[in-house]
Amino acid sequence: MAVDLNGISVFLAVAEARSFRMVAENLGVTRPAVSQAIRRLEDRLGVALVRRTTRSVGLTEAGEQLYQRVAPAISEVGLALDATADRDSAPSGRLRLAVSSIAEQFISGPLLARFADTFPAVQIDVTVTDKEFDIVAEGYDAGVRLGEVIDQDMIAVRVSGEQRQGAFAAPSYIERFGNPEHPSELSAHRCIGWRPAPHSAPYRWEFGQHGREFDVAVDPQITTNDMWLMIRTACAGGGITFGMEDTFKPYVESGQLVPLLREYCPPFAGFFLYYPSRRNLAPKLRALVDHVRRWR
């Protein structure tokens, strides 16, 4: 059966407006022309789609089913046409990113500065947050998180190499309280923990041994959602803290902190830029994805 695109577009307009008069005004045609387009489509399909009275316009059961099936497909066609029209246009507009706090260092700095310099018409809006939410529902174009927590229906592009978590303490702390030989001994130490939100439980420290992963629920004496407070307190000898090795690297190199339990901290896949698996990306998001791929 040949597709009556004109009849379908008029039908969708009527289904959404529920008014022949309003559709006629929006399309710049007469009301009889709208009615004829609907009637031709109904005759072609052999079923009534629209229920008309002197006061209202509604859909029949068949019309409702057709609308539910066709509307998303027509929307996808519109996106494809827009993407084709914009294919050669310069990326522009507001690009919203949701980035977890521990991933911020991989997207900010030179990577983001170079992107902004290359695409001056793109306004980059970065929200650093550890809340878990649907980036699409919240209006974000993309996010950056650990690969292991990204939903499988998302497209992910690596922004970092392999990562490793670790425990760290100042030499002064080790001199006073000793060096734990196994993660199970952490419960006897002063710990500085992290939590993503005020009313959430402290993060359980994750380790691995002989290919088996396990975690330890330490009872932190100090708990915060700010990584820099954790680092400064640990450097002052306040306890053992835990986090991404790259975050603590400058403090280890300067001698302010010492890595602990490293044999129980295996590497794992790092951070990824992720976005919805749509066939047609907006030019601004496509530009960022290509930029991250070149950067890596």
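You'll find the protein entered in an unreviewed UniProt entry as DNA-binding transcriptional LysR family regulator, with Phyllobacterium trifolii given as the organism. A UniProt comment under Sequence similarities (unreviewed entry) is attached to the protein, and it reads "Belongs to the LysR transcriptional regulatory family."

(A) Broad picture of the pattern of salt bridges. What the rule picks out here adds up to nine salt bridges. Where R145 meets E132, a salt bridge forms, and the shortest distance between an N and an O atom there is 3.8 Å. Here R145 is found in strand β5 (residues 142-146), whereas its partner E132 is found in the loop between β4 (122-128) and β5, with 13 residues between them in sequence. Salt-bridge contacts for E245 lead to R262; the nearest nitrogen and oxygen are separated by 3.0 Å. One end of the pair, E245, is in helix α9 (residues 245-253); the other, R262, is in the loop between β13 (258-260) and β14 (271-276), with 17 residues separating them in the sequence. Residue E245 is classed as partly exposed on the basis of its relative accessible area of 21%. Within this structure, R164, E245 and R262 form a network of salt bridges that share partners.

(B) Layout of the packing of helix α1 (residues 5-17) against helix α2 (residues 20-27). Running from N to C, α1 and α2 point in directions that differ by 125°, and their axes come no closer than 9 Å. The pairing of α1 with α2 is recorded here as oblique in orientation. Handedness of the crossing formed by α1 with α2: right-handed. Only F20, M22, V23 and L27 of α2 make contact with α1, whose side of the interface consists of V10, A13, V14 and A17.

(C) Inspection of the domain arrangement of the protein at higher detail. Entries for the protein in the domain assignment read domain 1 (5-85), domain 2 (93-160 + 270-295) and domain 3 (163-268). In this structure, domain 1 and domain 2 have C-alpha centres spaced 38 Å apart.

(D) A negative patch on the surface, seen in detail. Where like charges cluster on the molecular surface, the negative patch consists of D134, E138, D151 and D153. Looking at where D151 falls in the secondary structure, it is placed in the loop between β5 and β6 (154-158). By relative accessible area, D151 is classed as exposed at 53%.

(E) View of the pairing of strand β3 (residues 93-99). Examined bridge by bridge, β3 and β4 share seven bridges and lie parallel to one another. Following the sheet pairing, L97 is matched in β4 by V126.

(F) The arrangement of the side chain of D141 in detail. Within the element layout of this structure, D141 appears in the loop between β4 and β5. Although D141 lies buried, it forms no salt bridge, and the closest oppositely charged side chain, K284, sits 4.0 Å away as judged by the N-O distance. A polar contact of 2.8 Å, which involves the side chain of D141, links it to the backbone nitrogen of R96. Look past the residues within four positions of D141 in its chain and what remains in contact with it is R94, L95, R96, Y275, P276, K284 and L285.

(G) Spatial organisation of the sheet that holds β4. Spatially, the five strands line up as an open sheet ordered β4-β3-β5-β14-β6, and their pairing is mixed. This sheet does not close on itself; its edge strands, each paired only once, are β4 and β6. Along the sheet, successive strands turn relative to each other by an average axial angle of 25°, direction set aside. As paired elements, β5 and β14 share four bridges and run antiparallel to each other. Directly across from G143, in β14, lies its bridge partner Y274.

(H) Main features of α1. Compared with an ideal rise of 1.5 Å per residue, which puts 13 residues at 18 Å, α1 spans 18 Å between its outermost C-alpha atoms and is within 8% of the ideal. By the burial criterion, the buried members of α1 are G7, I8, V10, F11, L12, V14 and A15. Downstream of α1 by a residue or two, R18 has a phi angle that is positive, lying close to 55°.

(I) Here's a closer look at the side chain of R195. Mapped onto the secondary structure, R195 falls in the loop between β8 (191-194) and β9 (205-209). The side chain of R195 sits in the buried core without any salt bridge; D130 is the nearest counter-charge, 9.3 Å away.

(J) Highlighting the packing of aromatic side chains. Counted according to the given criterion, the structure contains nine aromatic pairs. Taken together, a centroid distance of 6.3 Å and an interplanar angle of 75° make the contact between W194 and Y203 edge-to-face. Since its relative accessible area comes to 17%, W194 is described here as buried. What links up through ring pairs into an aromatic cluster is the set W194, Y203, W205, F207, F214 and F242.

Definitions and cut-offs
By convention here, each chain's residues receive numbers from 1 onward along its written sequence. Two thresholds apply to this predicted model, a pLDDT of at least 70 for residue-level local features and 80 or more for giving and counting side-chain atom pairs, whereas whole-chain, interface and lining totals are computed over all residues. For side-chain calculations, the full set of non-hydrogen atoms in the structure is used, while hydrogens and water are omitted. UniProt positions are given in the numbering used here, feature names are shortened, and annotations may be inferred rather than shown by experiment. Any carboxyl oxygen of Asp or Glu within 4 Å of a side-chain nitrogen of Lys or Arg constitutes a salt bridge here. Each helix corresponds to a stretch of at least 4 residues labelled H or I by DSSP, and each strand to a stretch of at least 2 residues labelled E; elements are numbered beginning at the N terminus. To sort residues, take the accessible area from a 1.4 Å probe on protein chains only and compare it with the maximum for the residue type: under 20% means buried, over 50% means exposed, and anything in between is partly exposed. Lines fitted to C-alpha atoms define the axes here, with helix axes fitted over just the stretch in contact, and angles between the N-to-C directions of these axes take values from 0 to 180 degrees. Orientation is classified from the angle alone, with under 35 degrees giving roughly parallel, over 145 giving roughly antiparallel, 65 to 115 giving roughly perpendicular, and any other angle giving oblique. Rotating anticlockwise by less than a right angle from the far helix to the near helix defines a left-handed crossing, while the corresponding clockwise rotation defines a right-handed one. The criterion used for residue contact is that any of the two residues' heavy atoms lie within 4.5 Å. Where each domain starts and ends comes from a domain assignment, either automatic or drawn from a database. Patches in this entry comprise residues that are over 30% relatively accessible and not in a salt bridge; like charges within 9 Å are linked, as are nonpolar side chains (Val, Leu, Ile, Met, Phe, Trp, Tyr) within 5 Å. Only the protein chains shown count as cover for residues, with accessible areas throughout obtained via the Shrake-Rupley method and a probe of 1.4 Å. Think of it this way: Lys and Arg go in the positive column, Asp and Glu in the negative one, and His and the chain ends go nowhere. Charge positions come from single atoms, namely NZ of Lys, CZ of Arg, CG of Asp or CD of Glu. Being paired, for any two strands, means DSSP has found at least two bridges between them. Pairs of N or O atoms within 3.5 Å make up the polar contacts considered here, provided that, within protein, one atom can donate a hydrogen while the other can accept it, and that residues adjacent in sequence are counted only when both atoms are side-chain atoms. Multiplying 1.5 Å by the residue count of a helix minus one yields the expected span of that helix. Stacked, edge-to-face and tilted are the three classes for Phe, Tyr and Trp ring pairs, Trp counted by its six-membered ring, which pair at centre distances within 6.5 Å; planes under 30 degrees apart are stacked, over 60 edge-to-face, the rest tilted.

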